[in-house]
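# Observations on the three-dimensional arrangement
The chain contents come next:
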Protein chains: 2
Amino acid sequence: MSKVFASIVTIGDELLIGQVVDTNSAWIAQELNAIGIWVRQRTSVGDVAADIKHALSEAAAQSSVVLITGGLGPTADDITKPTLCEYFGGRLVVDEGALKNVKDIFARLNRPLIERNLKQAEVPDVCTVIPNKRGTAPGMWFEKDGVVYVSMPGVPHEMKGMVTDYVLPRLQQQRSLPAVLHRTLLTAGVGESFLADLIQPWEEQLPPAIKLAYLPNYGMVRLRLTATGADAAGTQAILNEQFEALKQLVAPHLVTDRDEPLEKAVGRWLQQHGRSLGTAESCTGGYISHLITSHAGSSAHFKGSVVSYDNQVKTDLLGVSADTLAASGAVSEAVVTAMLEGACRQLGVDYAIAVSGIMGPDGGNDEKPVGTVWIAAGRPGHLQTQRMHFRFDRRRNIELTATYALYLLLQVLKADEARA
Amino acid sequence: MSKVFASIVTIGDELLIGQVVDTNSAWIAQELNAIGIWVRQRTSVGDVAADIKHALSEAAAQSSVVLITGGLGPTADDITKPTLCEYFGGRLVVDEGALKNVKDIFARLNRPLIERNLKQAEVPDVCTVIPNKRGTAPGMWFEKDGVVYVSMPGVPHEMKGMVTDYVLPRLQQQRSLPAVLHRTLLTAGVGESFLADLIQPWEEQLPPAIKLAYLPNYGMVRLRLTATGADAAGTQAILNEQFEALKQLVAPHLVTDRDEPLEKAVGRWLQQHGRSLGTAESCTGGYISHLITSHAGSSAHFKGSVVSYDNQVKTDLLGVSADTLAASGAVSEAVVTAMLEGACRQLGVDYAIAVSGIMGPDGGNDEKPVGTVWIAAGRPGHLQTQRMHFRFDRRRNIELTATYALYLLLQVLKADEARA
């Protein structure tokens, strides 16, 4: 079984001036990877016919599957369709299915249908049309010299629908694909180099079918093992064996042995132990609560949050005394401790996270410079506090605070588990 | 003055399997654009020497500036440095400045320094070293056949420091660059095609130095004008004139005439009028509060939020009566109205946003399917409510709810302004 390579080509001036972050490529790459197709290259070009054609030739020279997104809208700057039509030597014709889809969508939205929209139903006569259940622009499947080219809209949820419902199943049908399996664990408290030294002897004995990657982020390091093989069950067995050995080696630094964000590891623990959580957030402004509730099922263990951006809210809703605020300042161990206790009481939860800090760019002073954060995590009677000092921009300071707060909570939860 | 083109090459297997979204490219593109350099192409390749070299040749064939990120870490999968060394025909030597930087960082972190880390101070003897003030891996500046190649770490804040402090100033010094200016406005309530028809006569008379782009997102459409010219003041004048004409044309649908997110437009209004805001969030779980507080200076007008994920919290902290909850259900006009009133009272704010809905994938029923959301925005005595039905995944449903809630609030604020 030979490896099947894919290239992803995303089209749009907005990608080249940085107004839009290309999230489509990462999503497509994950989906292709999961069915055993290797992404060799990702390219973004502007709405320029010559650049689009060049990118297609380049992509086809390197891979037998080329997935293309963007440039299929109804406006003048969208030139992907005529460019593809020329590239594959076809002419534009109306597709009846696509036309009906456009008409149905406008009828449902109760918006006037204009010439420009009807044009969206035109496709090159040398492609197979991929229905768009979520929008007006149809997808297009071309084949030429053994290479498949798929053109899809840049709107993420429209593209995702086509990939899931049509592109992946058809690729799986056409090609014989290997199993590509990943397992990932997350460590904290040690650097990438330290881990590399720690696991070097193990890494050197890894079979060639298994690849290790270090993914450092937010002061934590994710280790990912990728295994490839013709036979899924056998590949999984080899991967599991190596993964267990790796887990043993990094055990003292292990946060979770799944490819999941920290808040999901916290959520699983709470679920398993029938405990509830709330947050009292000052400097993170609701970000921790947002992280937790972005996962389906979080309502089973998460009850809510008080975002006490203003000190009066800390007093009124969390019961932090004005004296404590005056004596210690809002960014202090005393205040986050009182916030945590207030959150548990007011939200009626078993555990809470409380944070207060100065995220910048302004608001710091000599004693408490920008980046100073106090974190409390746990429950009244068993809580831990931590003072951090981050040196980054506002956004990253907020994200780091959330990460460290969730990690601190996880340590308290595990200590509670060990005691029980 | 001829156009200066750049290509961005991002390196790392993690980009090709989709474990990491490439945010570096968008940021770099913005920065280059702001100094008058056009990004022609963005490419991501894996940690594979042949693919890296091929991407470099391709990039250099299209542009005279090639910015490279990633693959400079201390572990075995990081091969960018030796690959560049070979590509440019140099040999690795220790750079004393980079060595001192590595030692200082490990001393400050109080972590043991190992051989692997010292290797990070090695650089090809054919490059100029770019100091890394935020990490251990130095950047490298190569020049060959009139093309500049800059290699930087993939860690975003390390890369950003180098671009800002070193790369942009040096490129500006070396090249004669044109002014590239953007102005952007945001519309709501009408589709891309409708706008395109509305402004077609104006669009057709645009001078060639000005380009228009449609950027639809979350049911709103951003229109961006880009002007290029040798002379900054003259270019700005032409751009402003066309932008004002565009503004007049879309006036009934205009949300903001700045390139800013909605929450920032809301924040500016509150600031100007000396009013305060809070949120009461159920289904968005703190996301609206997070959006608002992600901007510096928000503490001047934003006081806080109650995330009432659990109904008990709606009652205890927002004063929503158990009767209302029982009679209308948590996702209802009556409940979001009561939440809004409770938020204004409890948080002591002038205006509030309240949302309650079913974000999915579970929790819907026939009467209130997944995606049903009630939004209230305004102040007691002058509030508007809206029922929405979103059809997407959980994440997008949350984001859409936040967008529509902020937009509803902005409409109430403008109505209040018109009355005053």
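Residues numbered from 1 in each chain as written. Chains lettered and ligands numbered in written order. Predicted model: local features only at pLDDT ≥ 70, side-chain atom pairs only at ≥ 80, totals over all residues. Heavy atoms only, no water.

The subject of this paragraph is the overall build of chain A. Along chain A, the regular secondary structure elements total 15 helices and 17 strands. Referenced to the eigenvectors of the C-alpha coordinate spread, the extents of chain A come out at roughly 75 × 60 × 40 Å. Each of the 420 residues in chain A was classed as buried or not, and the buried ones make up 57%. Of note, chain A has its 39 positive side-chain charges centred 4 Å away from the centre of its 45 negative side-chain charges. (Helix = DSSP H or I, 4+ residues; strand = E, 2+ residues; numbered from the N terminus. Buried < 20%, exposed > 50% of the residue type's maximum accessible area, 1.4 Å probe, protein only. Lys, Arg positive; Asp, Glu negative; His and termini not counted. Charge placed at Lys NZ, Arg CZ, Asp CG, Glu CD.)

Residues and elements named next belong to chain B. Extensive coverage of strand β13 (residues 277-281) is indicated by the burial of 5 of its 5 residues. Residues Leu-277, Thr-279 and Glu-281 point to one face of β13 and Gly-278 and Ala-280 to the other, with burial holding for every one of them. Examined bridge by bridge, β13 and strand β14 (residues 302-308) share 5 bridges and lie parallel to one another. When the sheet's bridge partners are listed, Thr-279 is paired in β14 with Ser-305. Traced from β13 through helix α11 (residues 287-293) to β14, the parallel crossover comes out right-handed. One ladder, built from 5 bridges, connects β13 with strand β15 (residues 351-357); its direction is parallel. Looking at β15, one finds that Thr-279 is bridged to Ile-353. (Pairing = 2+ DSSP bridges. Right-handed = clockwise from strand over helix to strand, strands pointing away.)

Our next topic: the domain arrangement of chain A. Interfaces are often sized by the amount of accessible area the parts lose when they come together. Here the domain parsing of chain A yields domain 1 (4-174), domain 2 (179-256) and domain 3 (262-419). Computed from C-alpha atoms alone, the centre-to-centre distance between domain 1 of chain A and domain 2 of chain A is 35 Å. (Domains from an automatic or database assignment.)

We now examine the relation of the copies chain B and chain A. Note that the two copies of the chain are related through a rotation about an axis and a translation along the same axis. It takes a turn of 180 degrees to lay chain B on chain A, together with a shift of 0.0 Å along the axis; the resulting RMSD is 0.1 Å. On the angle and the small slide along the axis, the relation comes out as a two-fold axis. Counting the interface residues of chain B, we find that 100% of their copies in chain A are interface residues as well, pointing to one common contact surface. (Least-squares fit on C-alpha atoms with pLDDT ≥ 70 in both. Contact = heavy atoms within 4.5 Å.)

So, about the pattern of salt bridges. Residues and elements named next belong to chain A. Evaluation of the coordinates by the stated rule reveals 30 salt bridges over all chains. Note that Arg-395 and Glu-399 form a salt bridge whose closest N and O atoms lie 3.3 Å from each other. One end of the pair is Arg-395 and the other is Glu-399, both in helix α15 (residues 394-419) and 4 residues apart, which spans about a single turn. Here Arg-395 falls in the exposed class, since its relative accessible area comes to 60%. Three or more residues joined by partner-sharing salt bridges are found here, namely Glu-244, Lys-247 and Asp-257. (Salt bridge = Lys/Arg side-chain N within 4 Å of Asp/Glu carboxyl O.)

By the element assignment, Thr-75 of chain B lies in the loop between β3 (65-69) and α4 (80-87). For Thr-75 of chain B, a relative accessible area of 4% gives the class buried. Once you skip the residues sitting within four places of it in the chain, Thr-75 of chain B turns out to touch Glu-192, Ala-196 and Tyr-214 of chain A together with Arg-116 of chain B.

Chain B puts 89 residues into the contact, and the matching count from chain A is 89 residues. Buried surface at the junction of chain B and chain A, summed over both partners, amounts to about 7100 Å²; 52% is from carbon and sulfur atoms. Across the salt bridge formed by Asp-197 of chain A and Arg-116 of chain B, the nearest N and O atoms sit 2.9 Å from each other. Joining chain B to chain A, the criterion identifies 39 residue pairs in polar contact (both at pLDDT 80 or more). Its residues assigned to classes, the side of chain B that touches chain A comprises 31 nonpolar, 35 polar and 23 charged. (Buried area = accessible area lost by both parts, 1.4 Å probe. Polar contact = N/O pair within 3.5 Å; in protein donor to acceptor, adjacent residues only side chain to side chain. Nonpolar A, V, L, I, M, F, W, Y, C, P; charged D, E, K, R; others polar.)

Moving on to helix α2 (residues 24-34) of chain B. α2 of chain B sits mainly inside the fold: 8 of its 11 residues count as buried. Those residues of α2 of chain B that fall on the buried side of the exposure criterion are Asn-24, Ser-25, Ala-26, Trp-27, Ile-28, Ala-29, Leu-32 and Asn-33 of chain B. In this structure, the buried residues of α2 of chain B make contact with α1 (13-16) of chain A together with β1 (4-11), β2 (37-45), β3, α7 (156-174) and β9 (179-188) of chain B. Once α2 of chain B ends, the next one or two residues include Gly-36 of chain B, with phi positive near 90 degrees.

Overall, mixed pairing links the 10 strands, which are arranged β17(A)-β16(A)-β15(A)-β13(A)-β14(A)-β14(B)-β13(B)-β15(B)-β16(B)-β17(B) in an open sheet. Only two strands of the sheet have a single neighbouring strand rather than two, namely β17 (382-389) of chain A together with β17 (382-389) of chain B. Between one strand and the next, the sheet's axes are offset by a mean angle of 10 degrees, whatever the strand orientation. Relative to strand β16 (residues 372-379) of chain B, β15 of chain B runs antiparallel, the two sharing 6 bridges. Opposite Ser-356 of chain B, over in β16 of chain B, you have Trp-374 of chain B as the bridge partner. Along the sheet face, helix α12 (residues 311-318) of chain B touches β14 (302-308) of chain A together with β13, β14 and β15 of chain B and points at about 140 degrees away from the line of β14 of chain B. (Axes fitted to C-alpha atoms, helices over the stretch in contact; angles between N-to-C directions.)

This paragraph deals with the packing of aromatic side chains. This model, assessed by the stated rule, comprises 16 aromatic pairs over all chains. The interplanar angle of 70 degrees and the centroid separation of 4.8 Å between the aromatic rings of Phe-88 of chain A and Tyr-149 of chain A together place this pair among those described as edge-to-face. Residue Phe-88 of chain A is located in the loop between α4 (80-87) and β4 (92-94), and its partner Tyr-149 of chain A is located in strand β8 (residues 147-152); the two are separated by 61 residues in the primary sequence. The buried category is assigned to Phe-88 of chain A, whose relative accessible area is 12%. Ring geometry for Tyr-87 of chain B versus Tyr-149 of chain B: centroids 6.4 Å apart, planes at 70 degrees, classification edge-to-face. Highlighted residues: Tyr-87 of chain B in helix α4 and Tyr-149 of chain B in strand β8 (residues 147-152), separated in sequence by 62 residues. Of the two residues examined, Tyr-87 of chain B and Tyr-149 of chain B, each falls in the buried class. Grouping aromatic residues by their ring pairs yields a cluster made of Tyr-87, Phe-88, Phe-142 and Tyr-149 of chain A. Sitting over the ring of Phe-5 of chain A, Arg-40 of chain A keeps its end group 5.0 Å from the ring centre. One Lys or Arg, Lys-144 of chain B, reaches over the ring of Tyr-87 of chain B and ends 5.5 Å from the middle of that ring. (Phe/Tyr/Trp six-rings, centres within 6.5 Å; stacked < 30°, edge-to-face > 60°. Lys NZ or Arg CZ within 6 Å of the ring centre and 35° of its normal.)

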